[in-house]
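So the chains spell out like this:
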Number of protein chains: 2
Amino acid sequence: MQDLIDELGRLPGVGPKSAQRIAFHLLQSDAVDVQRLTDALTQVKAKVRFCVICHNIAESEQCRICADPRRDLTSICVVEEPKDVVAIERTREFRGRYHVLGGAISPIDGIGPDDLTFRELMTRLASGEVTEIIIATDPNLEGEATASYLARFLKGMGIKITRLASGLPVGGDLEYADEVTLGRAFEGRRLLDA
Amino acid sequence: MQDLIDELGRLPGVGPKSAQRIAFHLLQSDAVDVQRLTDALTQVKAKVRFCVICHNIAESEQCRICADPRRDLTSICVVEEPKDVVAIERTREFRGRYHVLGGAISPIDGIGPDDLTFRELMTRLASGEVTEIIIATDPNLEGEATASYLARFLKGMGIKITRLASGLPVGGDLEYADEVTLGRAFEGRRLLDA
């Protein structure tokens, strides 16, 4: 039992108390429910791998998006993690393809450009189809550093390089925005056509 | 006592329980402390009025910002409320002047353009000094409606009309952004110079 609690406690966001609660819950569950969970865990490790094109998670050689012929080949949205792909797909704003870097440049954590999939991105650009790279790394320190690096890396290739807008979250109140965000919203103000 | 609790309970964000707590706190405070509070309340009503130029709160005819000769006369930032001026001043991004509308257009609340200081804004523009109007109404439904109205209202005057950027709050994680905000961040993406 303590082994299970320890293992559960290693999961992100699961503290010792939650781990204990989950363990006791599983103990009282039907054996078949527990079997379904262990099956799902085994399957995930056995089946899920990374797309050979974009490095998103995939259940076959290519991910669902790269395998979809309706997706636009001319634009690539560069993100840090597979979960960012999920977030952007939910917006239904983007019909191109992705490239998952596998993280952000972070000297403190010892993550440099060589630990990410920059080279694989270069290989994808060789075909010359891509006209726009949208950099959608996180709007924090590491994400901005990665965006700058990427922009320099891709410079002179004749590809339009854009970055997601920083600014005020939609639906909120201006007075609740933090100073840096409000400052960026000012900086990035856009012309309004009436 | 019940009168005081009722009065306190009318303040925004003060529920019946908080009102009671404050009332009892005041009851136990020194008379001089309570006097300072009542003085401050009386002074605020007696002294604070609205700037004749921008309709921000002011302690004399003009507010601190309109009275400051170092502020740029060529750009006006239009906001809904005086508290938005405070928020923008904190960013130190803006050196122009403000115009406080006194709210946003909201048909549900019966607030139309005539209830706001649009006409006063027009009067300010007559001198021809202003080259940019930055619309900083809230990034919600009413704020957007007010921004559109204002843009149409000011059209054809040869003034550059801009709107604060909507997008990802700085410092956050892309995956935590709501869909609408992330969609706007995509829409408003900007060219990155390496």
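Position numbers for residues count from 1 along each chain, tracking the sequence in the order it is written. Ligands are numbered from 1 and chains lettered from A, in the order in which they are written. pLDDT decides what is reported in this predicted model: residues at 70 or higher carry local features, side-chain atom pairs at 80 or more are listed and counted, and totals for whole chains, interfaces and linings draw on all residues regardless. Values shown for side chains rest on all heavy atoms present in the structure; no hydrogens or waters enter the calculation.

Asker: Would you explain the side chain of N56 of chain A in this entry?
Answerer: A helix here means a DSSP run of H or I that spans at least four residues, while a strand means a run of E at least two residues long, and both kinds are numbered starting from the N terminus. Turning to its location among the elements, N56 of chain A is positioned in the loop between β1 (49-50) and β2 (57-58). Apart from the residues lying within four places of it in its own chain, the contact partners of N56 of chain A are R49, F50, C51, C63, I65, P82, V85 and V100 of chain A. Contact criterion: two residues are considered in contact whenever any of their non-hydrogen atoms come within 4.5 Å of each other.

Asker: Before we go on, may I ask you to explain the interface of chain B and chain A in this structure?
Answerer: Quoted interface sizes are often the accessible area lost when the parts come together. Taken together, the contact pairs 52 residues of chain B with 52 residues of chain A. Two parts placed together each lose some accessible area; with a 1.4 Å probe, that loss summed over both constitutes the buried area. A per-residue breakdown of the area chain B buries against chain A is headed by V170, L174 and F186 of chain B, which together make up 14% of the total. Salt bridges are identified by distance alone: a Lys or Arg side-chain nitrogen within 4 Å of an Asp or Glu carboxyl oxygen. At the junction of chain B and chain A, the tally comes to 6 salt bridges. Note that E179 of chain B is salt-bridged to R90 of chain A, the shortest N-O span being 3.8 Å. Pairs of N or O atoms are called polar contacts if they sit within 3.5 Å, as long as, within protein, a hydrogen donor faces a hydrogen acceptor (for residues adjacent in sequence, only side-chain-to-side-chain pairs). The interface formed by chain B and chain A includes 18 residue pairs in polar contact (both at pLDDT 80 or more). Of all the secondary-structure elements, those providing two or more residues to the side of chain B that touches chain A are α4 (82-91), β5 (132-135), α6 (141-154), β6 (160-163), α7 (179-187) and β7 (190-191) of chain B.

Asker: It is not clear to me how the packing of helix α4 (residues 82-91) of chain A against α7 of chain B should be interpreted in this structure. Could you clarify?
Answerer: Two packed helices can be described by the angle between their axes and the distance between those axes. Helix axes are fitted to C-alpha atoms over the stretch in contact, other axes to C-alpha atoms as well, and angles between N-to-C directions run from 0 to 180 degrees. Contact pair α4 of chain A / α7 of chain B: the axes reach a minimum separation of 8 Å and the direction vectors enclose 90°. Relative to α7 of chain B, α4 of chain A is oriented roughly perpendicular. Contacts from A87, I88, R90 and T91 of chain A in α4 of chain A reach E179, L182, G183 and F186 of chain B in α7 of chain B. Any angle that falls under 35 degrees is termed roughly parallel, while one over 145 is termed roughly antiparallel, one within 65 to 115 roughly perpendicular, and all others oblique.

Asker: Explain the UniProt feature "domain: Toprim" (unreviewed entry) in chain A to me, please; I cannot follow it from the model alone.
Answerer: The UniProt record marks residues 74-169 of chain A with the feature "domain: Toprim" (unreviewed entry), using the residue numbering of this structure. For residues 74-169 of chain A, the helix share is 33%, the strand share is 18%, and the end-to-end C-alpha distance is 28 Å. UniProt positions are given in the numbering used here, feature names are shortened, and annotations may be inferred rather than shown by experiment.

Asker: Looking at this structure, how should I read the relation of the copies chain B and chain A?
Answerer: Relating one copy of the chain to the other takes a rotation about an axis and a shift parallel to that axis. Superposing the copies works by least squares over the C-alpha atoms of residues that have pLDDT at least 70 in both of them. Rotating chain B by 180° and moving it 0.1 Å along the rotation axis overlays it on chain A with an RMSD of 0.2 Å. Such a turn and shift between the copies fits a two-fold axis. It is G167 of chain B whose C-alpha, among those of chain B, lies nearest the rotation axis, at 2.0 Å. Both copies share a contact surface, since 100% of the interface residues of chain B are interface residues in chain A too.

Asker: What should I look at first to understand the environment of F50 of chain B in this one?
Answerer: All names here are of chain B. Of note, F50 is situated in strand β1 (residues 49-50). Residue class for F50 comes out exposed when judged on its relative accessible area of 53%. Between the C-alpha atom of F50 and that of E132, which follows or precedes it by 82 residues, the distance is 23 Å. Apart from the residues lying within four places of it in its own chain, the contact partners of F50 are H55, N56, I57, A58 and E61. Partly exposed describes any residue whose relative accessible area lies between the buried limit of under 20% and the exposed limit of over 50%, with all areas from a 1.4 Å probe on protein chains only and scaled to the type maximum.

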